[in-house]
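Residues per chain are reported as follows:
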Amino acid sequence: ALPISENCIAGWWQISEALAPVPDDALFALEVHGDGVRMDLPSKARQLLYRADLTTQRLPALRVGRGYQRLFWERVLERSMLEGGCWTSAMA
């Protein structure tokens, strides 16, 4: 994974097949849809959550991309997208 600069976060996603409840500190979710996405996965498994401590003065920026959530993208994208190198241009 790429290093995250100060005041940035990479987001949070479900890492196990047994989907847990959405954490209380989740402010919003980005859900992946479209061509090349494994739509057979449950909605929660295709979500990238923004979690932050609301007591801080400045909320961190959410960084999204193959370098920040590689395991997430490898799970939610179809194998043909990963093997063909298509995801590189799709995530650029």
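What comes next is a walk through the structure. Since the structure is predicted, the reported quantities are computational estimates derived from the model, not experimental observations.

Focus on the overall build of the protein chain
Here comes step 1: Looking only at helices and strands, one finds three helices and four strands in the protein chain.
Here comes step 2: Secondary structure elements in the protein chain, listed N-terminal to C-terminal, are β-β-β-β-α-α-α.
Here comes step 3: Counting the 92 residues in the protein chain, one finds 34% classified as buried.

Section: the side chain of Arg-46
Here comes step 1: Along the chain, Arg-46 falls in the loop between strand E2 (26-31) and strand E3 (47-51).
Here comes step 2: Here Arg-46 falls in the buried class, since its relative accessible area comes to 5%.
Here comes step 3: In this structure the side chain of Arg-46 is engaged in a polar contact, spanning 3.1 Å, whose partner is the backbone oxygen of Leu-41.
Here comes step 4: With residues near it in sequence (within four places) discarded, Arg-46 still touches Leu-30, Glu-31, Val-32, His-33, Val-37, Arg-38, Met-39, Leu-41, Phe-72 and Val-76.

What about the nonpolar core?
Burial of nonpolar side chains together is a common tendency in soluble globular proteins.
Here comes step 1: Formed by Trp-13, Val-32, Val-37, Leu-41, Ala-45, Leu-48, Phe-72, Trp-73, Val-76, Leu-77, Met-81 and Leu-82, the largest nonpolar core amounts to twelve residues.
Here comes step 2: Among the secondary structure elements, those contributing two or more residues to this core are helix H1 (70-76) and helix H2 (79-83).
Here comes step 3: Here this core takes three residues from H1, the largest share from any one element.
Here comes step 4: Setting aside its immediate chain neighbours within four residues, Ala-45 contacts Leu-19, Phe-72, Arg-75 and Val-76.

Description of a nonpolar patch on the surface
Here comes step 1: Judged by side-chain polarity, Leu-27, Phe-28, Leu-30, Leu-54, Leu-59 and Val-64 come together as a nonpolar surface patch covering roughly 510 Å² of accessible area.
Here comes step 2: Following the sequence through the fold, Leu-30 ends up in strand E2.
Here comes step 3: By relative accessible area, Leu-30 is classed as partly exposed at 37%.

Considering the pattern of salt bridges
Here comes step 1: Scanning all chains against the criterion turns up five salt bridges.
Here comes step 2: Here Glu-31 makes a salt bridge to Arg-46, at a shortest N to O gap of 3.4 Å. Taken together, the residues Glu-31 in strand E2 and Arg-46 in the loop between E2 and E3 connect sequence positions 15 residues apart.
Here comes step 3: Its relative accessible area of 30% is what places Glu-31 among the partly exposed residues.

Parameters at a glance
- Residues numbered from 1 in each chain as written.
- Predicted model: local features only at pLDDT ≥ 70, side-chain atom pairs only at ≥ 80, totals over all residues.
- Heavy atoms only, no water.
- Helix = DSSP H or I, 4+ residues; strand = E, 2+ residues; numbered from the N terminus.
- Buried < 20%, exposed > 50% of the residue type's maximum accessible area, 1.4 Å probe, protein only.
- Polar contact = N/O pair within 3.5 Å; in protein donor to acceptor, adjacent residues only side chain to side chain.
- Contact = heavy atoms within 4.5 Å.
- Core = buried A, V, L, I, M, F, W, Y, C linked by side-chain atoms within 4.5 Å.
- Patch = residues over 30% accessible without salt bridge, like charges linked within 9 Å, V, L, I, M, F, W, Y side chains within 5 Å.
- Areas by Shrake-Rupley, 256 points an atom, 1.4 Å probe, with all protein chains shown as cover.
- Salt bridge = Lys/Arg side-chain N within 4 Å of Asp/Glu carboxyl O.

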